[in-house]
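A structural walkthrough
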Amino acid sequence: MILPALIGVLLLGGFVAWFSGRLHPGAPHWLAVITLAVEAILLIVPCSAAKQADGLSSAWFSDVYMPWIPRFGIGFHLAMDGLSLLLITLTVLLGFMAISSSWTEIKHRQGFFFFNLLACLAGTVGVFLALDLFLFFFFWELMIIPMYFLISIWGHENRVYAGMKFFIFTQVSSLLMLLAIVALALIYHRNTGIYSFDYFDLIDMTLRPDTAFWLMLGFFIAFTVKLPALPFHTWLPDAHTQAPTGGSVILAGVMLKTGAYGLLRFVTPLFPDAAHQFAPVAMTLGAISVLYGAVMAFAQSDLKRLIAYTSISHMGFILLGIFSWNLLALQGSVITMLAHGISASALFMIAGALQERLHSREMGTMGGLWPLLPKLSAVTLLFALASLGLPGLGNFIGEFLVLQGAFGVDNVLTSVASLVLILSPVYALGMMQKAFYGPRSQHYSLADFSRREWLSLGLLVLTTAWLGLSPQGVLNVSAPAMQSAIAMVR
Amino acid sequence: MNSNQLVALAPLITVTATAIVIMIAIAVRRNFMLSCAIGAGGIIISLFVLAATWQESPVQATFLLRLDKYALFYIALILAAGLAVLGFCYDYFTKRRGENEELPLLLLTALLGASVLAGSSHFASFFLGLEILSISLFVLIGYPLNQARAQEAAIKYLILSGVSSAFLLMGMALIYAQCGELYFNAIGGYINSRQDMNPMVLSGTLLIVIGLGFKLSLVPFHLWTPDVYEGAPAPVSAFIATVSKGAVFVLLLRFFIGTDSYSYTPLLNVFSVVAVLSILGGNLLALLQNNVKRLLAYSSISHMGYLLVALIAGRGISSVWVVESFGFYLPAYFIMTIGAFGVVSVLSTPEEEADDLSFYRGLFWRRPWLAAVFTLMLLSLAGIPLTAGFIAKFYIFTNAADGRLWGLLSAVIAGSGLGLYYYLRVIVVMSTNVDAGAVKPVQQWISTALLTALTVLLIWLGVYPSLLVNAVQSLS
């Protein structure tokens, strides 16, 4: 019962935090922290189970099934493998970060804020665990509403527009996915006479090539909107910029990974031939996103918007890796997911910290901040270097593995994508130069990192360094899952 | 007519008897609470009687009415909806001066008409039920006397309803002239026995569709909808949006299956065009609205379009599925619409109706529970998971995908995307930051209890729909 508890604890904690907001304005913060701590303790159980999973047959080490709507063959089916475990661990870690960065930023309706935050996390954990396609869709949609509230109530100046754009983009693409899911289940019914939405039943189906292509496209569009990849990325810069810091951390760190997870878990295993045929297009989109994100990032003057575009760039790598479909590339995608989650969240937290102090996100008004905020600037430099792929930090391992895995599949695209190794230092170091070095544009007296901020960002620094220097532990956890995915397709 | 048929008709007889009792009570002593109480009691007794007659069904009570499980299910739904509307009406009208005691009476006669429609299997009861319902609605819409809006709405509804009834009668006459039959199944037999499509029957059916299209507010027969919904008092708008439309749709499905109209491909093509127009038109027109009641009116137009898609899908899939989709969609639609209009009704004061969007500004902070209920109802209308509206939309998707209606499905998806925009706009306005008002609103216990019950039902059906799904599976 651990798996439903993982979702239920977050939801329950959210409700408790909401109601506690009436009693005392500071209560929701602590209740949220306690909820996530309980969740982290609960995660220890699957972690130890993961150590025993070895190889293909037991890639799934935890499984829960309850019938839900038997009329349609829909069941409440949750399961965890190495990939879900890693992503849920990332979710919990970034949940802590989101709470920490919202500690002083949210000044009104804190109870409702933390409810939305925890509900969003609950939905995301559900997405990572669901193995019944209807249930997956259910949780997929469930992530969106709390995030929409986070953006449109506590966001910045253009929040209504950004929230609406985010919601409508995601919702319309999800409806296409729902159509594909329903069609898939109906074809299964036509073949076998039973209704089922279960992952393991639908995987073995053989489909006609054109049907498979359209269905795969439905899923693909939904996931590339979430990822995001060109040309469905336009919601991201607005949503990330206008969201409050905690919202940006969750959005960039965790919710984008649900798109990547969906591609890994559903698109290729369910439609192997169609995905194989479509792979050149997908990889091209990935490579273009990588370069486009980097170029656009350099052009930004708004700090958060810059970081948003770097997210597009990094997620392009993941798209490239997933559709290469070999072990190296897939492992690279997983590491990039984790490393990008950490570095993007850290950068957003820093941007939020700067916005709290300076009340502005414009890099033009910043300048010469290093002497004023040495600790903050040092951490920013570290994560800027992580973002550009400096060896020794997590992002490098991911990018390296993806490029290596993709090179065997399509060396032209890989060479094009690796041009980003030139472009990313441009935006990363450009950002450092504009904001932290150079002459001071205004006189300030600013407070450097508080203990809470130091603690949370320090944790992220340690994690990304660990990921960069010793990633084998993580790779061992995800290896069985990736190997079994590859075997399933063959 | 033997005793078996009389027993089967007992729910309808009880409703009529209650109406008469209210009439007598009004003559004896004018008291709004008394009339409402008698009305509510009558409806509850009818529901019990209905539960008792469930085992006896199906019973063909004369040629006019067929009270099978399908009819009884929908009569129960109609009566429950009427009860909810009566509750909202009580809170809404107690604050208003004037002689309101006829309201429960008219509601009961309208419920009678709707129930007759739900059980109808013959053109005569079709027309009778429709007219009883419409005439009751004429007065219900214009109920707050001396208000220009309501009078205008009532007259619009009166005239257009009269015209559509004329179309309906002409259509029925044409079909009768050709077949010599007024009983649905007999008409179906006649159509099946002929090879070619008879033009008179086809035009008759088309005229009937036009008449029904008005009642269902499908595009292009929808022009009365926003004006009437805006002018009528909020609980009455809820009644029109749910019971009136629901009963007609139930009849339409029975008519379709009984007369085997699925073999008429041109008719289904016409329906497809109407469905697409309703979905897109309803959603597009709502985008510009600042009046919540008009917004809900347009959204109900688009919802009827979605339901029509399920009806059309019956061409390719078995009609069991269509009946099941209707059986889920209509209760879900009733819950969400009555809930949404109920919120409007609670917020309305005798001075002004809560229809402008500015009424809802900052509602989350002023009256959080009410805003939460409204948000859930709106999200359900938009089809977001966790709500009954999502499962209903899922049924439509499944039916249409099974029937391979890809064009209609893309219209549904486009419509849903458009719909999101205006539903979200209302939610955004409700969450605008406003300092919590110091004035404590008047407590309306019945409405609050009703809204809570509706919300619980909404979420329950959204999270665990199996109970209703199992219930409707046995209907066909």
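What you are looking at is a predicted structure, and each value in this text was computed from that prediction instead of being measured.

With that settled, consider the overall build of chain A. The secondary structure content of chain A amounts to 19 helices and two strands. For 490 residues, the compact-globule estimate of 2.2 N^0.38 gives 23 Å, and chain A sits close to it at 21 Å. Along the first, second and third principal axes, the C-alpha atoms of chain A reach 75 × 60 × 45 Å. Out of the 490 residues in chain A, the part that is buried amounts to 65%. Intrachain contacts of chain A at a sequence separation of at least 6 include 81% that bridge at least 24 residues. Surface exposure of chain A reaches about 16,100 Å², of which carbon and sulfur atoms provide 68%. Positive and negative side-chain charges in chain A, numbering 22 and 21 respectively, have mean positions lying 10 Å apart.

This part is about the packing of aromatic side chains. On inspection of all chains with the given rule, the structure shows 71 aromatic pairs over all chains. Judged by centre distance (5.5 Å) and plane angle (15°), the rings of Trp370 of chain A and Tyr437 of chain A are stacked. One end of the pair, Trp370 of chain A, is in the loop between α13 (327–358) and α14 (374–388); the other, Tyr437 of chain A, is in the loop between α17 (420–436) and α18 (451–469), and 67 residues separate them in sequence. Each ring, one from Phe73 of chain B and one from Tyr74 of chain B, has its centre 5.1 Å from the other, and the planes form 80°; the classification is edge-to-face. By relative accessible area, Tyr74 of chain B is classed as buried at 1%.

Next up on the list: the confidence of the model for chain B. Here chain B shows a mean pLDDT of 87. Residues at 70 or above account for 97%. Scoring of the predicted complex yields 0.91 for pTM and 0.87 for ipTM.

Right, let's get into the packing of helix α4 (residues 110–129) of chain A against helix α5 (residues 133–154) of chain A. Residue and element names in this part refer to chain A. Between α4 and α5, the shortest axis-to-axis distance is 8 Å and the interhelical angle comes to 155°. Here α4 is positioned roughly antiparallel relative to α5, judged by the angle of their axes. As for the relative orientation of α4 and α5, their crossing is left-handed in sense. The segment α4 lies against α5, with Phe112, Phe113, Asn116, Leu117, Ala119, Cys120, Gly123, Thr124, Gly126 and Val127 engaging Phe136, Phe139, Trp140, Met143, Pro146, Met147, Phe149, Leu150, Ile153 and Trp154.

All names here are of chain A. Where burial is concerned, most of helix α9 (residues 235–242) is hidden: eight out of the eight residues are buried. If you check which residues of α9 are buried, you get Trp235, Leu236, Pro237, Asp238, Ala239, His240, Thr241 and Gln242. If you follow the buried residues of α9, they end up packed against α5, α6 (159–192), α8 (209–226), α10 (245–270), α12 (303–324) and α13.

Further remarks concern a nonpolar patch on the surface. All names here are of chain B. Nonpolar side chains collect at one region of the surface, where Leu386, Val456, Leu457, Trp460, Val463, Tyr464 and Leu467 lie side by side and expose about 600 Å² of accessible area between them. Broken down by element, the residue count for the nonpolar patch peaks at four residues, all from helix α19 (residues 445–463). Residue position: Val463 is located in helix α19.

Moving on, we get to the packing of α13 of chain A against helix α19 (residues 472–489) of chain A. All names here are of chain A. Orientation of α13 relative to α19, taken along the N-to-C sense of each, is 130°, at an axis distance of 10 Å. Classified by the angle their axes make, α13 and α19 are oblique. Viewed along their axes, α13 and α19 form a crossing whose handedness is right-handed. Along its contact with α13, which presents Leu327, Leu330, Gln331, Val334, Ile335 and Leu338, the element α19 presents Val474, Leu475, Ser478, Ala479, Met482, Gln483 and Ile486. The class makeup of the residues in the contact of α13 with α19 is 10 nonpolar, three polar and no charged.

Next up on the list: the pattern of salt bridges. All names here are of chain A. One pass over the full model with this rule turns up 18 salt bridges over all chains. Among the ionic pairs, Asp238 bridges to Arg305, the shortest N-O distance being 3.3 Å. In this pair, Asp238 sits in helix α9 while Arg305 sits in helix α12, placing the two residues 67 residues apart along the sequence. Classification of Asp238 as buried rests on a relative accessible area of 10%.

The next point concerns the interface of chain B and chain A. With 40 residues of chain B at the interface, the matching set in chain A holds 33 residues. Around 3,600 Å² of area is buried between chain B and chain A when both sides are counted, 77% of it from carbon and sulfur atoms. The three residues of chain B that bury the most area against chain A are Trp365, Phe394 and Ile413 of chain B, which together make up 16% of that side's buried surface. Taken together, the connections running from chain B to chain A amount to two salt bridges. Across the salt bridge formed by Glu324 of chain B and Arg71 of chain A, the nearest N and O atoms sit 2.5 Å from each other. At the boundary of chain B with chain A, the tally comes to five residue pairs in polar contact (both at pLDDT 80 or more). Mapped by element, the contributors of at least two residues to the side of chain B that touches chain A are α14 (319–347), α15 (363–366), α16 (368–382), α17 (388–402), α18 (406–430), α19 and α20 (466–473) of chain B. Sorting elements by how many residues they give to the side of chain B that touches chain A places α18 of chain B first, with 11 residues.

Conventions used here
- Residues numbered from 1 in each chain as written.
- Chains lettered and ligands numbered in written order.
- Predicted model: local features only at pLDDT ≥ 70, side-chain atom pairs only at ≥ 80, totals over all residues.
- Heavy atoms only, no water.
- Helix = DSSP H or I, 4+ residues; strand = E, 2+ residues; numbered from the N terminus.
- Rg over C-alpha atoms; globule rule 2.2 N^0.38 Å.
- Buried < 20%, exposed > 50% of the residue type's maximum accessible area, 1.4 Å probe, protein only.
- Contact = heavy atoms within 4.5 Å.
- Areas by Shrake-Rupley, 256 points an atom, 1.4 Å probe, with all protein chains shown as cover.
- Lys, Arg positive; Asp, Glu negative; His and termini not counted.
- Charge placed at Lys NZ, Arg CZ, Asp CG, Glu CD.
- Phe/Tyr/Trp six-rings, centres within 6.5 Å; stacked < 30°, edge-to-face > 60°.
- pLDDT = per-residue confidence, 0-100.
- Axes fitted to C-alpha atoms, helices over the stretch in contact; angles between N-to-C directions.
- Parallel < 35°, antiparallel > 145°, perpendicular 65-115°, else oblique.
- Left-handed = near helix turned anticlockwise from the far one by under 90°.
- Patch = residues over 30% accessible without salt bridge, like charges linked within 9 Å, V, L, I, M, F, W, Y side chains within 5 Å.
- Salt bridge = Lys/Arg side-chain N within 4 Å of Asp/Glu carboxyl O.
- Nonpolar A, V, L, I, M, F, W, Y, C, P; charged D, E, K, R; others polar.
- Buried area = accessible area lost by both parts, 1.4 Å probe.
- Polar contact = N/O pair within 3.5 Å; in protein donor to acceptor, adjacent residues only side chain to side chain.

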